[in-house]
Amino acid sequence: MTTTTAAPVPKGVSRRTFRRAAQAPGRRRTRRPWLLSTAGAVVALVFLAPYIVMLIGSFKSRPEILRVPPTYLPRQWHPGNYLSMWSTPETPLPYNLVSTLVISFCATALVLVVALPAAYYTARFRFPGRLAFLLLVLMTQMLQPTVLAAGLFREFVVIGIDDTWAAMILVNAAFNLSFAVWIMHSFFAGVPLEIEEAATLDGATRLQTMRRITLPLVWPGIVTAVIFAFVACWNEFAASLVILTTDANQPLTVALTKFVGQYDSAWQYVFGVSIVAIVPVVVLFALIEKRLVAGLTAGGVK
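Quick caveat, the model's predicted, so the values are computed rather than measured.

J.: Help me get a handle on the overall build of the chain, residues and values and all.
T.: Scanning the chain from N- to C-terminus turns up 14 helices and zero strands. Each helix (α) and strand (β) of the chain, taken in turn from the N terminus, gives the series α-α-α-α-α-α-α-α-α-α-α-α-α-α. When burial is assessed residue by residue, the chain has 33% of its 302 residues classed as buried. Partitioning the contacts of the chain with sequence separation of at least 6, the portion at a separation of at least 24 is 73%. Put simply, the chain shows about 19200 Å² of open surface, and 69% of that area lies on carbon and sulfur atoms.

Here is the structure:
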C-alpha cells in the first residue's frame, strides 16, 4: 500500500490560492487549443467571406444583386444562372473554358520539359558563365506580361501566330520558366552527389540515374514548380487581352470582362463564371496538398 503526500503549502500563501496556482498550467494547456482554433476560424472566415458572397450572388437575379438595401440571402434562388451563362451572347463561354484548359496545361508541360533539364544541369555541372546564367534567369522574373504585351503582339504578327493558342502557350511558359528553374535547381543541388556516383558505379547511365534516383528525391520541388506555373497560367490576363482578339480563343479571365459593360453588367454571370474558374484550382490544390507543403517546407529543418 502506497500513500501520497500533498506538496507543502508555502508560508504566507492560502491553501486556495496555492491550488489555483497549481492548476493554472493545466488550464492554460486546455484553453490554448480552443483559442488557436477560434483564431484560425476567424482568419479563415475573413479570407472566405468574399468567396461566400460571390457564391451566394451567383444564385441571385440581377435586380436583387443591385437592390438597396442589399439582401444577404436570395429571396428566390436562381440555380439556372449556371446553365444560362454558357449560352449568353456576350462570349462563347464553353470555348473560353477549353481555351483556358489547353493554354494552361500545355504551357505548364512546356515549362516542365524545359526547366527540368536546365535545373539539373546547372545544379550538377560547373560551366563558364553559370552564375551569370542563373542571375539572368532570375532577372526575367521581374518582367511582367503587362509591360511586354504590345511588343509581343507585334512580334507574333510578324511570325504569323497572333491570336492563336500557340502564342499564349509560349508567353505563359516563358514568364513562368525562371521560377521553375530556380526552385528545381535548389532541390537538385540539395541531393548529395555521392548518391548518383553510387548508381553510376552500379552500371546506371546518366538518364537512368536521373529518372530512378534523382527525380523521386526532388519530386516535392517538381510538384511545387508545376502547381505555381499552372496557377499563374490559369490566372494570366493582360497578355491574353492583347494577343487573343477572337472571342473563342480567349481564356476565362478575359471572357469574364465581357459581362461587365459600360451601362449594364450581368453580375450574376460574373459571380458564376468566377466560381467555375476557381473550382479547378481548388481541386488541384486539394489533391496534391501534401506534396505541395513538403516542397514549400523542404530545407527548413536539417
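J.: Can you lay out unusual backbone geometry for me, pointing to particular residues and giving the numbers?
T.: The linkage connecting V68 with the following residue, P69, adopts the cis geometry, with an omega of 0°. A positive phi angle, near 60°, is found at D163, a position not held by glycine. Relative to the helices and strands, D163 is located in the loop between α6 (145-159) and α7 (165-190). Exposure remark for D163: the relative accessible area of 15% places this residue in the buried category.

J.: An account of the packing of α6 against α7 is needed here, citing residue identities and associated values.
T.: Running from N to C, α6 and α7 point in directions that differ by 140°, and their axes come no closer than 12 Å. Regarding the angle of α6 to α7, the classification is oblique. Note that α6 runs across α7; the crossing there is right-handed. Here P145, L148, L152 and F156 of α6 come into contact with α7, specifically with A167, V171 and F175. Considering only residue class, the contact of α6 with α7 consists of seven nonpolar, no polar and no charged.

J.: Just give me the short version of the nonpolar core, but keep the residues and values in it.
T.: Grouped together as the largest cluster of nonpolar side chains are 21 residues, with contacts concentrated most on L116, M184, F188, L215 and V218. Counting residues per element, the ones that place at least two in this core are α4 (93-124), α7, α9 (206-217) and α10 (219-235). Take this core: its biggest share by element is seven residues, from α7. Aside from chain neighbours lying at most four places away, what touches V218 is F187, F188 and V191. Among the nonpolar cores identified, the runner-up in size contains 20 residues, and A255, F259, A266 and I275 belong to it.

J.: Before we move on, could you go through α6 and cite the residues and values that matter?
T.: Given a rise of 1.5 Å per residue, 15 residues ought to cover 21 Å, yet the end C-alpha atoms of α6 are separated by just 18 Å, more than 12% below that figure. Of all the bends in α6, the greatest measures close to 35° and is centred on G151. Three or more residues of α6 are buried, namely P145, A149, L152 and F156. For α6, the elements touching its buried residues are α7 and α11 (238-243). Count one or two residues on from α6 and you reach G160, which has phi positive near 100°.

J.: Explain the packing of α4 against α7 residue by residue, including any values.
T.: Interaxial distance between α4 and α7 falls to 6 Å at its minimum, and their mutual angle equals 35°. In the packing of α4 onto α7, the handedness of the crossing is right-handed. Of the residues that constitute the contact of α4 with α7, the class distribution is 25 nonpolar, five polar and one charged.

Rules and cut-offs
- Along each chain, residue indices are assigned from 1 in the same order as the chain's sequence is written.
- Given that this is a predicted model, residues contribute local features only at a pLDDT of at least 70 and side-chain atom pairs are listed and counted only at 80 or more, while totals for whole chains, interfaces and linings are drawn from all residues.
- Water and hydrogen atoms play no part in the side-chain values, which are based on all heavy atoms of the structure.
- Put simply, DSSP marks the helices as runs of H or I at least four residues long and the strands as runs of E at least two long, and each gets a number from the N terminus on.
- Three exposure classes are used, based on accessible area relative to the maximum for each residue type with a 1.4 Å probe and protein chains only: buried under 20%, partly exposed in between, and exposed over 50%.
- The contact criterion used throughout is that any non-hydrogen atoms of two residues lie within 4.5 Å.
- Per-residue and other accessible areas follow the Shrake-Rupley method at a 1.4 Å probe size, with only the shown protein chains counted as cover for residues.
- Fitted lines through C-alpha atoms give the axes, limited to the stretch in contact for helices. The angle between two N-to-C directions lies from 0 to 180 degrees.
- For this classification, under 35 degrees means roughly parallel, over 145 means roughly antiparallel, 65 to 115 means roughly perpendicular, and everything else is oblique.
- Crossings are sorted by hand: turned counterclockwise from the far helix by less than a right angle, the near helix makes the crossing left-handed, and turned clockwise it makes it right-handed.
- Only Asp, Glu, Lys and Arg are considered charged in this grouping, and only Ala, Val, Leu, Ile, Met, Phe, Trp, Tyr, Cys and Pro are considered nonpolar; every other residue, Gly among them, is considered polar.
- What makes a nonpolar core is a set of buried Ala, Val, Leu, Ile, Met, Phe, Trp, Tyr and Cys residues whose side-chain atoms join them at distances within 4.5 Å.
- To estimate the expected span of a helix, subtract one from its residue number and multiply by 1.5 Å.
- In this scheme, the bend at a residue equals the angle between the axes fitted to the seven residues that finish there and the seven that begin there.

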